[in-house]
Amino acid sequence: MAAHIDRMRSSIEDFLVRYPCVDEVVGKASDATKVSKVNLIMGVVAFTAVWLAIGYGSPFLCDIIGFVFPAYLSFKAVESPDTRDDTQWLTYWIVYSYFGILEFFSDYLLFWIPFYSLLKCCFLLWMVNYNGASLIYTRFISRS
């Protein structure tokens, strides 16, 4: 168990190094609350997971998580000279749009799946952090 928590801590620290804008916001919150950055993020993630599982407004929260951070990273990608990140975020938005259309037409069925908002949020975060959007695009959407 301790090894799993240590891996999670190092993963959070790597995330903060990759995204300095998040590190800056978390740093300010950490200074104000006197809680370490890693513990603060772990607490926010745990609270968000519980809210997504049982809370009121969880579909809205999931849509915000799946939209705001990727939108920010998309703006950063457009401003950068590297075109690989442009392709990554364009692929994300294509898959996100397909998923939104499928979700719209199957909403009455998806409503009955327990913890659907939590599962959807995990799926969207997987698409963002592990380049899952390109995997889904190449296997299911692309015709070439």
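Look up: the structure comes first, before these words.
Below is a summary of the structure that appears in this document. The numbering scheme is per chain: residues are counted from 1 as the chain's sequence reads. Where totals are concerned, whole chains, interfaces and linings use all residues; where local detail is concerned, this predicted model gives features only for residues with pLDDT of at least 70, and gives and counts side-chain atom pairs only at 80 or more. With hydrogens and water stripped out, all remaining heavy atoms of the structure feed into the side-chain values.

Bringing the overall build of the chain into the picture now. Helix numbers and strand numbers start at the N terminus; a helix is a DSSP run of H or I with at least 4 residues, a strand a run of E with at least 2. Looking only at helices and strands, the chain features eight helices and zero strands. Sequence-ordered secondary structure for the chain, helices as α and strands as β, is α-α-α-α-α-α-α-α. In terms of overall dimensions, the chain has C-alpha extents of about 50 × 45 × 30 Å along its principal axes. Only the protein chains shown count as covering a residue, and every accessible area follows the Shrake-Rupley method with a 1.4 Å probe. Working note: accessible area of the chain is about 10200 Å², and carbon and sulfur atoms make up 70% of it. We treat Lys and Arg as the positive residues and Asp and Glu as the negative residues; His and chain ends play no part in the count. To locate a charge, take atom NZ for lysine, CZ for arginine, CG for aspartate or CD for glutamate. Charged side chains in the chain number 11 positive and 13 negative. The centres of these two groups are separated by 4 Å.

Glancing now at the nonpolar core. Among the buried residues, those of types Ala, Val, Leu, Ile, Met, Phe, Trp, Tyr and Cys that are joined through side-chain atoms within 4.5 Å form a nonpolar core. Buried, partly exposed and exposed residues are distinguished by accessible area as a fraction of the type maximum, computed with a 1.4 Å probe on protein chains only: under 20%, between the cut-offs, and over 50%, respectively. Grouped together as the largest cluster of nonpolar side chains are 24 residues, with contacts concentrated most on Leu16, Val26, Trp89, Tyr92, Val95, Leu124 and Met127. By the convention used here, residues are in contact when the closest approach between their heavy atoms is within 4.5 Å. Discounting residues that sit within four places of it in the chain, Val26 has contacts with Leu16, Lys37, Leu40 and Ile41.

Here the focus is the packing of aromatic side chains. Stacked, tilted and edge-to-face pairs are distinguished by plane angle, under 30 degrees for stacked and over 60 for edge-to-face with tilted covering the rest, among Phe, Tyr and Trp rings (Trp via its six-membered ring) whose centres lie within 6.5 Å. One pass over the full model with this rule turns up 13 aromatic pairs. On the numbers, 5.8 Å between centres and 25° between planes, the contact of Tyr92 with Tyr96 is stacked. With Tyr92 and Tyr96 both in helix α5 (residues 84–105), this residue pair falls four residues apart, about one helical turn. An aromatic cluster of three or more residues is present, and its members are Phe67, Trp89, Tyr92, Trp93 and Tyr96.

Let us now look at the packing of helix α4 (residues 58–79) against α5. Convention adopted: a line fitted to C-alpha atoms gives each axis, helices being fitted over their contacting stretch, and angles between N-to-C directions are expressed from 0 to 180 degrees. Relative orientation of the contacting elements α4 and α5 amounts to 150°, with a least axis distance of 9 Å. Relative to α5, α4 is oriented roughly antiparallel. Seen along the crossing, α4 lies across α5 with a hand that is left-handed. Two secondary-structure elements touch here, α4 through Asp63, Gly66, Phe67, Pro70, Ala71, Leu73, Ser74, Ala77 and Val78 and α5 through Asp85, Asp86, Trp89, Tyr92, Trp93 and Tyr96. Polar here means any residue other than Ala, Val, Leu, Ile, Met, Phe, Trp, Tyr, Cys and Pro, which are nonpolar, and Asp, Glu, Lys and Arg, which are charged; Gly is therefore polar. In terms of residue class, the contact of α4 with α5 is made up of 10 nonpolar, two polar and three charged. For classification purposes, an angle smaller than 35 degrees is called roughly parallel, one larger than 145 roughly antiparallel, one from 65 to 115 roughly perpendicular, and anything else oblique. Here is the rule for handedness: rotate from the far helix to the near one, and if that takes an anticlockwise turn smaller than a right angle the crossing is left-handed, while a clockwise turn gives right-handed.

The next thing to look at is the packing of helix α7 (residues 116–129) against helix α8 (residues 132–141). Close contact between α7 and α8 brings their axes to 5 Å; oriented N to C, the two are set at 95°. In terms of orientation, α7 lies roughly perpendicular with respect to α8. In this structure, α7 contributes Phe123, Trp126 and Met127 to the contact, and α8 contributes Gly132, Ala133, Leu135 and Ile136. Tallied by class, residues from the contact of α7 with α8 come to six nonpolar, one polar and no charged.

Bringing α7 into the picture now. Take the number of residues in a helix, subtract one, and multiply by 1.5 Å to get its expected span. With 14 residues, α7 extends 20 Å between its outermost C-alpha atoms, agreeing within 8% with the 20 Å of an ideal straight helix rising 1.5 Å per residue. On its buried face, α7 sits against α3 (37–54), α4, α5, α6 (107–110) and α8. Following α7 by one or two positions, Asn131 adopts a phi angle in the positive range, close to 55°.

Time to look at unusual backbone geometry. Unusually for a residue other than glycine, Phe115 sits at a positive phi of about 60°. With respect to the helices, strands and loops of the structure, Phe115 is situated in the loop between α6 and α7. A positive phi angle, close to 55°, is found at Asn131, a residue other than glycine. Structurally, the position occupied by Asn131 is in the loop between α7 and α8. Of the residues examined, Asn131 reaches a relative accessible area of 35% and is grouped as partly exposed.

None of the figures reported here should be taken as evidence of function without further support.
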